[in-house]
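Here are the chains, one letter per residue:
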Amino acid sequence: MGNYVLGMISTLLIAIITVTYASKIKFDLAHILCFTLLMLGCIPIKISNLIMILGGVLITHHQDQGKNQWLRYTLFVMYAFVTTWILQVILNFYGSQFASWINYNNYLGTFVCQSVVLLIQLGVIYLFRDSLEILALSPSNKKKGAEIVAIVILAVYLVYGSTFDNDYNNWWISAYVVGLILFWSYVRALALLETKRELAELRNFELKNLENYANEMEEAYQKLRRFRHDYLNILLSLDQAIKSGNLGLIRQTYDKVLAPSKAKINMDYYDFGKLNHIKTSAIKSILYNKFSYATHEGIKLEIEIIDDVKIQRTKLLDAVRIISILLDNAIEAALESNTPKLLVAYIKDANTERVIIENSIALERVELAPIFKEGYTSKSGDRGQGLATVKRLISHYPNVVLNTSSHDYKFTQELILSKEE
């Protein structure tokens, strides 16, 4: 009995660790206790596996503060428990053939088998971490269909052999091994297809915005040429006014001719030329798109980019996601303030690159603690990804740090990219 309880409790811990690492949902002591009581309560029940899955989904939903992603919870909970049980069956079968004590019939065998199962689970998650991240961040509607297919596959395993009460043979065990390999291959293939789709969308987005950017720069250039052509006439007008010695005529000439030309020169419109320093076309198209929207909405835009910008220290898709989220958040917050302002600066030295995004806000300061939580949003509806997603993305890069601050009706994000050792 003691060995059976050890196996049950260790199975629970393996499942919880698997869910935590795969889904990025961390369980506190109270929810782990709920899992434990659920497992112990399910021991005498015939449909214990089903109840365990349903209860685990509810506990995970509560731990994740009620975020509306039931398919995601179901997939990760089913994956954690079903694959753990299948790995136990496989290891118990082959372990006994390798050595008589490597099975779940004794304390040492249970400890060894459970340790191997945990290492396999963590190893698989580490191997597929990029695929899981891609699928988790994907906005594609196809993702739900993929999750449903994966849940169905896991449900088949759950129905046809997730306990130790059956006599397994080589055929069953081989089916389990092949099935697990196919399942993991399915997840990887989905991630690759999703990456291909995102890259295709990014290329289309990039071409469209670069074409608009080129047209914008051509129009600005033509305006500057016309202004330069007219500038001599402006100087001649002012020269005649000065020679007349008539102070009223001088002021009248200034007000009608020079003052309007000064306003034209200072327009944010011409700051877009600084995007010429962006040497990665995908990033340039993203910045142009966001800046165009910001100026169209009446945000006072300030761009400080004097050094060439190249994306070398992160993956391009990750950089696009991070910059898009930070700028979207900054623009939306600025629009809620009394005097909408947005500053984007890029500072570069020998070992460090800094991207600074500062925007005006409606409040004197923003509480920083909750904004990095998964699902947090100050917006209506269920659109909250924001900084939690950015935090997850930069966690893959030890050389990237995001510093956040808020004061004096300003919100500042400083993305620091250091040279990798």
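Everything below is about the structure shown above.
So, a few notes on the structure that sits alongside this text. (Residues numbered from 1 in each chain as written. Predicted model: local features only at pLDDT ≥ 70, side-chain atom pairs only at ≥ 80, totals over all residues. Heavy atoms only, no water.)

Here we look at the nonpolar core
Here's step 1: The biggest cluster of nonpolar side chains holds 46 residues, and the ones touching the most others in it are Phe35, Phe81, Leu154, Phe183 and Trp184.
Here's step 2: Among the secondary structure elements, those contributing two or more residues to this core are α1 (2–23), α2 (29–42), α3 (48–63), α4 (70–98), α5 (107–127), α7 (142–159) and α8 (170–244).
Here's step 3: For this core, the element with the highest residue contribution is α4, accounting for 14 residues.
Here's step 4: Among the nonpolar cores identified, the runner-up in size contains 40 residues, and Ala294, Ile303, Phe411 and Leu417 belong to it. (Core = buried A, V, L, I, M, F, W, Y, C linked by side-chain atoms within 4.5 Å. Buried < 20%, exposed > 50% of the residue type's maximum accessible area, 1.4 Å probe, protein only. Helix = DSSP H or I, 4+ residues; strand = E, 2+ residues; numbered from the N terminus.)

Concerning the pairing of strand β2 (residues 341–348)
Each regular strand shows side chains that alternate between the opposite faces of the sheet.
Here's step 1: By the bridge criterion, 6 bridges tie strand β1 (residues 300–305) to β2 in an arrangement that is parallel. Bridging across to β2, Leu301 finds its partner in Leu342.
Here's step 2: Pairing analysis gives 7 bridges linking β2 to strand β3 (residues 352–360), with the strands arranged antiparallel. Pairing of Val344 across the sheet is with Ile357, part of β3.
Here's step 3: Between β2 and the antiparallel strand that follows it, β3, lie 3 residues. (Pairing = 2+ DSSP bridges.)

Digging into the pattern of salt bridges
Here's step 1: According to the stated counting rule, one finds 4 salt bridges in the structure shown.
Here's step 2: Close ionic contact of Arg321 with Asp318 constitutes a salt bridge, the shortest N to O distance being 3.3 Å. Highlighted residues: Arg321 and Asp318, both in helix α11 (residues 316–335), separated by 3 residues, approximately one helical turn.
Here's step 3: Relative accessible area serves as the criterion here: at 16%, Arg321 is assigned to the buried category.
Here's step 4: We note a salt bridge from Glu367 to Arg365, for which the minimum N-O separation is 3.1 Å.
Here's step 5: Exposure remark for Arg365: the relative accessible area of 44% places this residue in the partly exposed category. (Salt bridge = Lys/Arg side-chain N within 4 Å of Asp/Glu carboxyl O.)

Examining empty space enclosed by the protein
Here's step 1: On inspection of all chains with the given rule, the structure shows 1 cavity of 30 Å³ or more.
Here's step 2: One number sums up the size of the largest cavity: a volume of about 300 Å³.
Here's step 3: If you list the elements that add at least two residues to the lining of the largest cavity, you get α10 (281–296), α11, β2, β3 and β5 (410–418).
Here's step 4: No other element matches the 4 residues that α11 contributes to the lining of the largest cavity. (1 Å grid on protein atoms, 1.4 Å probe; cavity = no way out; pocket = protein on both sides within 12 Å on 5 of 7 lines; lining within 4 Å. Points joined across faces, edges and corners; volume = space filled by probe spheres on them.)

Some points on the environment of Asn49
Here's step 1: In this structure, Asn49 sits in helix α3.
Here's step 2: Spatially, the C-alpha atom of Asn49 lies 8.6 Å from that of Phe81, the residues being 32 residues apart in sequence.

Comments concerning α2
Residues lying three or four places apart along an α-helix face the same way, a consequence of the helix completing one turn every 3.6 residues.
Here's step 1: Taking 1.5 Å per residue as the helical rise, α2 with its 14 residues ought to reach 20 Å, and the 20 Å between its terminal C-alpha atoms agrees with that figure.
Here's step 2: Within the span of α2, buried status applies to His31, Phe35, Thr36, Leu38, Met39 and Cys42. Down the axis of α2, the smallest arc covering the buried residues is 165°, so these residues share one side. Residues of α2 that are exposed and point more than 90 degrees away from the buried face comprise Leu29 and Leu37. (Expected span 1.5 Å × (residues − 1). Arc of directions from axis to C-beta.)

Keep in mind these numbers describe shape, not what the thing actually does.
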